[in-house]
2 protein chains.
Amino acid sequence: MRIGDLAKQAGVNIQTVRFYEREQVLRQPPRTSSGYRSYSDLDLRRLVLIKQCQNLGFTLKEIRQFAALHDSLPSASPSDPKPLQAILRMVEERLRLIDEKIGGLRDMRAHLLELIAQVRRPAGGECPGRKVRR
Amino acid sequence: MRIGDLAKQAGVNIQTVRFYEREQVLRQPPRTSSGYRSYSDLDLRRLVLIKQCQNLGFTLKEIRQFAALHDSLPSASPSDPKPLQAILRMVEERLRLIDEKIGGLRDMRAHLLELIAQVRRPAGGECPGRKVRR
DNA sequence: GTTGACCTTATACCATGGTATAGGGCCGAC
DNA sequence: GTCGGCCCTATACCATGGTATAAGGTCAAC
């Protein structure tokens, strides 16, 4: 498929696709004889995944590294485990951060719920019989 | 306290504090007779909270709105509930997004754990007796 | 063979969230 | 009274993640 289809199906701007290629987040696709970029369904899936990761707060730099990890997996050779070890450490660090963020978001969630409760139940003489919480 | 202390205790750059003031994320503090900004412990707490919110992926714009919500609460007047209603809707929308993000991060977490397991247990005859998880 | 919708590269511009630098004032210690 | 360390404003600059625009090539349909 051509770049316009890819961008439309992934819901991104055409310029963004080319930007990702420059930034090495997307591979350089094969070209037609006239120089048009030619994409596969796999490219579409990767692009959608990239947008999902971004949505979760990963930077393009991190996503580029994840992509490299993913691409290196099928050919992971026991003969040179060092880059794999480095990648492992990165992923583990990321997991720690994710757990932290989930915890933080949960706290924030509870805090916001409390704020809502407070606003919904305004203090003062409006509900005379009611005790103020806490 | 003066701006240098505030910045140091909150772990941010002095320029960042002034930037937040310009962006109306921090209030304009009172000044000494010579024009120095003078901050309270409350300002420090707010600054730390701002950094925490940012860490969780909120933008300065959103944080500014949260701050406005927080500041408006003590004086929440039943005489004009409309802005409060608007704020409520905003907070609820934000809650929805938080739940979504928590879900997404959890999926990502599971995915990464699986990747780690794959890398740790390379395919082939290396661990003959071992069953694959799941 | 020309029109319109698509593609190409190159370059410039934008918002967000800062950080740095220049040029100057305040102030406590010596 | 002057030195060092802090403060002030104003302005410029930076990285990230895009978006827009100019100038031109491709191609299917008419």
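As a starting point, this report considers the structure included with it. Source: prediction; values computed, not measured.

**Some words on the protein's contact with DNA strand C**
Step number 1: Close contacts around DNA strand C come from 18 residues, with A:Gly4, B:Asn13, B:Ser34, B:Thr59 and B:Leu60 the closest.
Step number 2: The set of elements that each furnish at least two residues to the surface near DNA strand C consists of α1 (3-10) and α2 (14-22) of chain A together with α2 (14-22) and α4 (60-72) of chain B.
Step number 3: Counted by class, the surface near DNA strand C contains five nonpolar, nine polar and four charged residues.

**Considering the protein's contact with DNA strand D**
Step number 1: Around DNA strand D, the structure places 19 residues, and the nearest of them are A:Asn13, A:Ser34, A:Thr59, A:Leu60 and B:Gly4.
Step number 2: Elements represented by at least two residues in the surface near DNA strand D include exactly α2 and α4 (60-72) of chain A together with α1 (3-10) and α2 of chain B.
Step number 3: No other element matches the three residues that α2(A) contributes to the surface near DNA strand D.
Step number 4: A class-by-class count of the residues in the surface near DNA strand D yields five nonpolar, ten polar and four charged.

**Describing the packing of α1(B) against helix α3 (residues 41-55) of chain B**
Residues and elements named next belong to chain B.
Step number 1: The contact between α1 and α3 brings their axes to 10 Å, and the two run at 40 degrees. As the angle between them shows, α1 and α3 are arranged oblique. Of the two elements, α1 crosses α3, and the hand of that crossing is right-handed. Here α1 contributes Leu-6, Gln-9 and Ala-10 to the contact with α3, which in turn contributes Asp-43, Leu-44, Leu-47, Val-48 and Lys-51.
Step number 2: The residue inventory of the contact of α1 with α3, partitioned by class, reads five nonpolar, one polar and two charged.

Here is what the cut-offs are and how they apply
Per chain, residue numbering runs from 1 following the sequence as it is written. Lettering of chains starts at A and numbering of ligands starts at 1, both following the order in which they are written. Only residues with pLDDT of at least 70 are given local features in this predicted model, and only at 80 or more are side-chain atom pairs given and counted; all residues enter the totals for whole chains, interfaces and linings. Being near a molecule or strand means, for a residue, that its backbone-placed C-beta atom lies within 6 Å of it. Note on conventions: DSSP H or I runs of at least 4 residues are helices, E runs of at least 2 residues are strands, and numbering of each starts at the N terminus. Three classes are used: nonpolar for Ala, Val, Leu, Ile, Met, Phe, Trp, Tyr, Cys and Pro, charged for Asp, Glu, Lys and Arg, and polar for all others, with Gly counted as polar. Axes, fitted as lines to C-alpha atoms, cover a helix only where it is in contact. Angles between the N-to-C directions of the axes lie from 0 to 180 degrees. Small angles under 35 degrees read as roughly parallel and large ones over 145 as roughly antiparallel, with 65 to 115 read as roughly perpendicular and the rest as oblique. A clockwise turn of the near helix away from the far one marks a right-handed crossing, whereas an anticlockwise turn of less than a right angle marks a left-handed crossing. Two residues qualify as a contact pair if the distance between their C-beta atoms, derived from the backbone, is within 7 Å.

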